[in-house]
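Architecture at a glance
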Amino acid sequence: MKRLLACLAITLALPFAAQANELKVVTATNFLGTLQQLAGEFEKETGHSITISSGSSGPVYAQIVNGAPYDVFFSADQKSPEKLDNGGFALPGSRFTYAIGKLVLWSTKPGLVDDQGKVLAGNGWRHIAISNPEIAPYGLAGTQVLTHLGLLDKLTAEKRIVKANSVGQAYSQTASGAADLGFVALAQIIQKDGSISGSHWFPPADYYEPIVQQAVIVKSTPEKALAEQFMSWMKGPRAVAIIKAAGYSLPE
């Protein structure tokens, strides 16, 4: 009788254990830290686990088109999710704007970056790190700022621009001191108390195109229901509060 009860208990437990599924999410590097925090909150609330990968938006788009087994993609731009949507690689109706990024010129050195960005026209630094504008939206925004200031051609000719593969790499190069300055995402450098170490400048919003960051559910996902649940949760008050605290804004 005891053996029968034990077997029955195991049988009854199996359906509940099977309900905890895993979601494979890939994100642009600027959103990695924020997404890790969000995933932790979602896992606490639901019991479902989330595995996170990261990379530049352009290459991730290509990976998905070529069959990479991701369920959800958080891009640093609008273009990549839009192309997935139009190409039939995204679940129809799943694309939405989860954040609007903020570009920052940053240095680990206190006092180096002034609050007008005039440092860029000076000679008090050697190299600036910018992610590849062809594949990384924050790199595109950074080059647009330099173009607006009339400095892009000059700094390129002087070989003072260090191109990174992603905004994550641009951050690493700046944080390590390999580059004196770097165009990075606010979310990468803002602390929990809202402070920012070193020195920084926020380029005016009209110096670069808005960094509209969108997400999609990959059409081939075997976890459609869980992906939809996560995306719905991402639009809720808890997730929105975390995203805003990380230095992003959201559409009105």
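Up top you'll find the structure we're talking about.
First, a word on scope: everything that follows refers to the structure included in this document. Numbers given to residues run from 1 along each chain, matching the order in which its sequence is written. Reporting in this predicted model follows two pLDDT cut-offs: at least 70 for local features of residues, and 80 or more for side-chain atom pairs to be given and counted; totals over whole chains, interfaces and linings ignore these cut-offs and use all residues. Values shown for side chains rest on all heavy atoms present in the structure; no hydrogens or waters enter the calculation.

1. Some points on the pattern of salt bridges
We define a salt bridge as a contact between a side-chain nitrogen of Lys or Arg and a carboxyl oxygen of Asp or Glu at a distance within 4 Å. Tallying each qualifying case throughout the model produces 10 salt bridges. A salt bridge links Glu 158 to Arg 160; the shortest N-O distance between them is 3.1 Å. Glu 158 gets classed as partly exposed once you look at its relative accessible area, which sits at 37%. Note that Glu 228 and Lys 224 form a salt bridge whose closest N and O atoms lie 3.1 Å from each other. Residue Glu 228 and its partner Lys 224 are both found in helix H9 (residues 224-234); the two are separated by four residues, about one turn of the helix. Taken together, the shared-partner salt bridges in this structure form one network comprising Glu 41, Lys 44 and Arg 238. Whether a residue is buried, partly exposed or exposed follows from its accessible area with a 1.4 Å probe, protein chains only, as a fraction of its type maximum: under 20%, in between, or over 50%, in that order. Helix and strand definitions follow DSSP, with helices as H or I runs of at least four residues and strands as E runs of at least two, each counted in order from the N terminus.

2. Overview of unusual backbone geometry
Positioned with a positive phi, Lys 159 is a non-glycine residue whose angle comes to about 55°. Looking at where Lys 159 falls in the secondary structure, it is placed in the loop between helix H6 (152-157) and strand S7 (161-164).

3. Let's talk about the sheet that holds S7
When DSSP finds two or more bridges between a pair of strands, those strands are recorded as paired. Ordered in space as S7-S6-S8-S5-S9, the five strands form an open sheet in which the pairing is mixed. Looking at the sheet topology across the chains shown, the edges are occupied by S7 and strand S9 (199-201). The mean angle between the axes of side-by-side strands here comes to 35°, regardless of whether they run parallel or antiparallel. Here four bridges tie strand S5 (residues 103-107) to strand S8 (residues 181-185), and the two strands are oriented antiparallel to one another. Within S8, the residue paired with Trp 106 across the bridge is Gly 182. Any two residues whose heavy atoms approach within 4.5 Å are treated as being in contact. In this analysis an axis means a line fitted to C-alpha atoms, helices contributing only their contacting stretch, and an angle means the value between N-to-C directions, from 0 to 180 degrees. The strands that helix H7 (residues 167-176) touches are S5, strand S6 (128-131), S7 and S8; relative to S8, the one it contacts most, it runs at about 140°.

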